[in-house]
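What follows is each chain in one-letter form.
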Amino acid sequence: MRFTKKDILDIDSLTREEITYILDTARGMKEISQRAIKKVPTLRGKTIVLFFQEPSTRTKLSFELAGKRLSADTVAISKSSSSIVKGETLRDTVRTLESMKPDIIVMRHSSSGAAYQVAKWVKCAVINAGDGTHAHPSQALLDMMTIQEEKGGFEGLKVSLVGDISHSRVARSNIIGLSRMGARVTVCAPGTMIPMGIEQMGCTVAEDMDTCVTDADVVMMLRIQKERQGSLLFPSEREYAALYGLNPARLALAAKDALVMHPGPLNRGVEISTRVADGEHAVILDQVTNGVALRMALFYLVSGGTKHADSN
Amino acid sequence: MQIQIKGVRVIDPGNIEGIRDIRIKDGLFEAVSEPGQLPDVAEASQDVNVIDGQGLIGVPGLIDVHVHLREPGQEYKETIETGLKAAAAGGITAVCCMPNTNPVNDNAQVTAFILSQAKKVHAARVYPVGAISANLEGQKLNDIADMKKAGIWAVTDDGMPVTDSQLMRRTLEYCKSLDIPVLVHAEDKRLADGGAMNEGLPATVMGIKGIPNAAESVMVMRDIALAELTGARVHFCHMSTAQSIEAIRAAKAKGVRVTCETAPHYFTLTDADIPAYDTNFKMNPPLRSDKDRAAIIEGLADGTIDMIATDHAPHAEDEKQVEFDQAAFGIVGLETSLGLSLDLVTRGHLTLIQLVEKMAKAPADLMGINNDIVPGNRADLTLIDMDTDWIVNPDAFVSKGRNTPFTGRSLKGAAAFTIVDGRIVYTRSSSF
Ligand SMILES: [Zn+2]
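Not measured: the values here are computed from a predicted model. Note that residues are indexed from 1 along each chain, following the sequence as it is written. Chains and ligands are labelled sequentially in the order written, the chains with letters from A and the ligands with numbers from 1. The predicted nature of this model means local features are confined to residues of pLDDT at least 70 and side-chain atom pairs, given and counted, to a pLDDT of 80 or more, with totals for whole chains, interfaces and linings taken over all residues. To obtain the side-chain values, all non-hydrogen atoms of the structure were included, while hydrogens and water were left out.

1. Considerations on the coordination of the zinc ion
Residue and element names in this part refer to chain B.
Link 1 in the chain: Coordination shells were defined by N, O and S atoms within 2.8 Å of each metal, extended to 3.2 Å for Na, K and Ca; water is absent from the atom set, which can make sites look incomplete. Taken together, the protein donors to the zinc ion comprise D158 (OD), H185 (ND1) and H238 (NE2), at separations of 2.2 to 2.3 Å.
Link 2 in the chain: Spacing between the donor residues of the zinc ion along the chain follows D-x26-H-x52-H. Here H238 lies in the loop between β12 (234-236) and α8 (242-254) and D158 lies in the loop between α3 (144-150) and α4 (165-178), a separation of 80 residues in the sequence. The pair formed by D158 and H238 is uniform in burial state, with each residue classed as buried. Numbering of helices and strands runs from the N terminus; a helix is a DSSP stretch of H or I covering at least four residues, while a strand is a stretch of E covering at least two. In this scheme, a residue with accessible area under 20% of its type's maximum is buried, one over 50% is exposed, and one in between is partly exposed, where area comes from a 1.4 Å probe on protein chains only.

2. Quick word on the domain arrangement of chain B
Residues and elements named next belong to chain B.
Link 1 in the chain: All domain edges in this entry derive from an automatic or database-based domain assignment. One can read the domain layout of chain B as domain 1 (2-58 + 376-387 + 407-427) and domain 2 (61-367).
Link 2 in the chain: The distance between the C-alpha centroids of domain 1 and domain 2 comes to 29 Å.
Link 3 in the chain: Each salt bridge in this description consists of a side-chain nitrogen of Lys or Arg and a carboxyl oxygen of Asp or Glu lying within 4 Å of one another. At the junction of domain 1 with domain 2, the criterion picks out three salt bridges.
Link 4 in the chain: A salt bridge links R125 to D380, with the shortest nitrogen-to-oxygen separation between them at 2.5 Å.
Link 5 in the chain: Polar contacts here mean pairs of N or O atoms no more than 3.5 Å apart (in protein, one a potential hydrogen donor and the other a potential acceptor; neighbouring residues in sequence count only if both atoms are side-chain atoms). Counting across the interface, domain 1 meets domain 2 through nine residue pairs in polar contact (both at pLDDT 80 or more).
Link 6 in the chain: When contributions to the side of domain 1 that touches domain 2 are tallied by element, the ones reaching two or more residues are β1 (2-12), β15 (381-391), β16 (410-420) and β17 (423-427).
Link 7 in the chain: At eight residues, β16 tops the list of elements feeding residues into the side of domain 1 that touches domain 2.
Link 8 in the chain: For the side of domain 1 that touches domain 2, the class distribution of residues is 13 nonpolar, three polar and nine charged. Each residue receives one of three labels: charged for Asp, Glu, Lys and Arg, nonpolar for Ala, Val, Leu, Ile, Met, Phe, Trp, Tyr, Cys and Pro, and polar for the others, Gly being one of them.

3. What about the nonpolar core?
Link 1 in the chain: Residues V106, L141, M144 and F299 of chain A are the most contacted members of the largest nonpolar core, which totals 92 residues.
Link 2 in the chain: Among the elements that take part in this core, helix α11 (residues 284-302) of chain A stands out by supplying eleven residues, more than any other.
Link 3 in the chain: A domain-level breakdown of this core finds at least three residues from each of domain 1 (16-136 + 288-311) and domain 2 (137-287) of chain A.
Link 4 in the chain: Here, residues are in contact when the closest pair of their heavy atoms is within 4.5 Å. Here F299 of chain A is in contact with L43, I48, F63, A66, G67, L70, I104, V106 and I127 of chain A, once residues within four sequence places are set aside.
Link 5 in the chain: Nonpolar cores are built from buried Ala, Val, Leu, Ile, Met, Phe, Trp, Tyr and Cys residues. Side-chain atoms within 4.5 Å join them into one set. C97, A118, A124 and I180 of chain B belong to the second-largest nonpolar core, a separate cluster that totals 75 residues.

4. A word on the environment of T259 of chain B
All names here are of chain B.
Link 1 in the chain: If you trace the backbone, T259 turns up in strand β13 (residues 258-262).
Link 2 in the chain: Distance from T259 to G303, taken between C-alpha atoms, is 9.9 Å for residues 44 residues apart in sequence.
Link 3 in the chain: Beyond its immediate sequence surroundings of up to four residues, T259 is in contact with V234, H235, F236, K252, D306 and L366.
Link 4 in the chain: Separated by 2.8 Å, the side chains of T259 and H235 make a polar contact.

5. Focus: the domain arrangement of chain A
Residues and elements named next belong to chain A.
Link 1 in the chain: For chain A, the domain assignment lists domain 1 (16-136 + 288-311) and domain 2 (137-287).
Link 2 in the chain: Once you take the C-alpha centre of each, domain 1 and domain 2 turn out to be 26 Å apart.
Link 3 in the chain: Counting residues at the interface gives 29 residues for domain 1, matched by 30 residues for domain 2.
Link 4 in the chain: Buried area is a sum: the accessible area each of two parts loses on coming together, probed at 1.4 Å, counted once for each and added. Summing the contributions of domain 1 and of domain 2, the shared interface buries around 2,300 Å²; its carbon and sulfur component is 57%.
Link 5 in the chain: A salt bridge links R16 to E155; the nearest nitrogen and oxygen atoms lie 3.1 Å apart.

In structure tokens, the structure reads:
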């Protein structure tokens, strides 16, 4: 197969075949990170700009390592160092960046759709590292990579997704991606965090946490944003943890070999108890490891690479 | 200057429906008669403009009761001159301008300024609408009688809706005694909560914060209750939801003095039509669901919705070429309103007579003016060419605003001539 996408903007624009191809490529890339010399010359001479308008440590680091392991030159600019704070428009900022001839812009932005707009304004490749509450394709793909590694595939798997679906780009991208790959996705949250029409995106809404988790093959917990406490979305962390937290008793309702996932960073004792987070079902650190490989695959593919990474 | 229109099909609901010759002199309709009855214009008079009315439809000058002209203060978006010329190009002979200028039209000086600026322009007329509260802050009533004397015919806080129910009650009572209507932009800002499009599946998919229908309808319901309490005249602006229409239908049946308008985009588009993050589809209230669109059309057909207004809201390109949630609300409408509304007739939702009622007669009734085509009346007239096909091209707009969701849309029907105060202020060039 030839991978012809210039940009990775969301999961919705990827076909089932393209997702499979990205995951296959990422598996090949993972081996590179396990070598003593973790670097291949594949993208030597390519420039990747990491343009993060919103604070992020983990995702930015993951993209940066991915670029470096492929020998690309990576440059990071953040909100404080970019002229956005001085009132420059996003369009002007990215067109200025493009004039310096990068090959790929990786961007994170607080506004939904920002990556879409930027992709229209510039000619180089754009990878969306999270835009508002819209999409976070590389996170969903690394989650899928982790599930595939552990479960062998997606067909018929029951995946439970618990947390603030309304404000989660990770949830949206996973719901679309996993349902496209054949998994059955069930979501659960207080009514304040379930957006209108979510069922039509390919999931069912469970009425409570126990129903949601029962017989699940994968339980994916979303980070609850503490600053939303008391903002009318939920009254207190204590009550949220009681109703929607993943603890050993609830996890016992899931399948015997269920995976516990979390995009991080964790709020221990709120959405996930320490025993579960550090327990044998958790693959949270594998997700992080796979993140680097998956992002290497994305860089490779949007740069025009169509052969399997092994051939390097 | 005189104008003689020969053999035009006149549709003036309740007054004329048929072929007429019309003579206009000194700003007034001089004669309106059966074809062939008017004596020929004296050969000697050079300044008679003769229009062959064959194939055209003559209607009372169209009136748009909800327009943002941006002057004073935001002349980079639109000026009174460009806005009134854009109206003329759209076949509109009079516009009502909203008070959210800078400074706000909350005193007689600003009202007088707007009227004096408009006087310099040979295009549509302007009927200013004053603010309810000082600087639109929802705290203190303005000197409304003073503004009325200066030329306003209604008040509204439009985009800064009156939250305080007591202030609204007092506004209605006060305006009732002045016999002017209160225009309501029905929106509970707490329910809208900073949303940028309709709450529903498209917003959920795009990750854009939604504005629920209830943000509009709860305020419609509140102000119906206050209209009933006070007996004042309440007019609801740019209605977009099925629930609002339902509430207004029930209120009218009960005899409450309410009227309402919708805008062409609400009967033409839905939230599912928004191309990925295209900010030219962002306005407030937002494009709703198909169910709402159908309810708007039904409300127009059964008379619940009295009139069509554009909510013409020009913005500079910079204010739209930004992130969707940060883009300015609003689209231009003056130059597409007639074409889009005629589509309702083409598709059989409204008769041409009903459309003229909604675009010319009902607005005049609301404003307390008489725009009948009868001798002695001020000659404001729109001549429509029903058969002309054209494609919406923002670069050809007279308005400074280019922010339209209708770029590239094929429309049928447009104003051929716009006549205001007995002068031709717009002639459609044949190059279209
Ligand atoms: Zn308004």
